[in-house]
Amino acid sequence: WLQTLLADINNQNPAADRLINPSCIFKWVEANLSSEAAHLVFYDEDRAEEFKGQDPEQPSVENRYQPFLSRRVLVEMLVKARFLEEKRCSSSGSASSMPRMPRI
């Protein structure tokens, strides 16, 4: 379901029948996360590595100012909305967790 949600949000077809209205993405993040995190809902070439393996890996020219999420950002949003639960795992005896989006 995570991949379906990501595909819906990042769909580049302007006539797509969507589960989520893209304009809601930025507004939700802005209201529920930090203002810095709100800018992570847009594609940024400096973060191109985050989008590798996604289809598509970057927005079309027409959609470059529309929300385009990486898996990491989507997961962080879903954790904040309590659709997913962050789990801590132990590796080499030390606790680690999923990387977090910056907070302000």
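Residues numbered from 1 in each chain as written. Predicted model: local features only at pLDDT ≥ 70, side-chain atom pairs only at ≥ 80, totals over all residues. Heavy atoms only, no water.

Peer 1: An account of the nonpolar core is needed here, citing residue identities and associated values.
Peer 2: Ranked by size, the top nonpolar core spans 15 residues in total, and within it I9, I25, V29, L69, L74 and M77 carry the most contacts. Of all the elements in the fold, those that place two or more residues in this core are α1 (2-9), α2 (22-32), α3 (35-38) and α5 (71-80). A total of four residues in this core trace back to one element, the largest contributor, which is α5. Once residues lying within four places of it in the same chain are set aside, the contact partners of L74 are L2, L5, L6, I9 and L69. (Core = buried A, V, L, I, M, F, W, Y, C linked by side-chain atoms within 4.5 Å. Buried < 20%, exposed > 50% of the residue type's maximum accessible area, 1.4 Å probe, protein only. Helix = DSSP H or I, 4+ residues; strand = E, 2+ residues; numbered from the N terminus. Contact = heavy atoms within 4.5 Å.)

Peer 1: Residues and numbers for the environment of K87, please.
Peer 2: Mapped onto the fold, K87 is located in the loop between α5 and β1 (89-91). Overall, the relative accessible area of 60% leaves K87 in the exposed class. In terms of polar contacts, K87 uses its side chain to reach the side chain of E85, at 3.3 Å. (Polar contact = N/O pair within 3.5 Å; in protein donor to acceptor, adjacent residues only side chain to side chain.)

Peer 1: I'd like a description of α2, backed by residues and values.
Peer 2: Along α2, the residues that are buried comprise P22, I25 and V29. In a view along the axis of α2, the buried residues occupy a sector of 30°, so they form one face of it. Away from its buried face, by an angle of more than 90 degrees, α2 presents the exposed residues K27 and A31. In this structure, the buried side of α2 is in contact with α1, α3 and α5. (Arc of directions from axis to C-beta.)

Peer 1: Help me get a handle on the confidence of the model for the protein chain, residues and values and all.
Peer 2: Chain-level statistics for the protein chain give a pLDDT mean of 86 and a share of 86% at 70 or above. Highest mean pLDDT in the protein chain belongs to helix α4 (residues 48-51) (97); lowest belongs to strand β2 (residues 94-96) (48). The low-confidence segment residues 95-99, where pLDDT is below 50, has eleven contacts with residues more than four positions distant or belonging to other chains. (pLDDT = per-residue confidence, 0-100.)

Peer 1: Now, about the pattern of salt bridges: what can you tell me, with residues and values included?
Peer 2: In the structure shown here, the tally under the stated rule is three salt bridges. Of the charged contacts in the structure, one is a salt bridge between K87 and E85, with a shortest N-O distance of 3.3 Å. We note that K87, like E85, is exposed. Three or more residues are tied together by salt bridges with common partners; here these are R47, E50 and R72. (Salt bridge = Lys/Arg side-chain N within 4 Å of Asp/Glu carboxyl O.)

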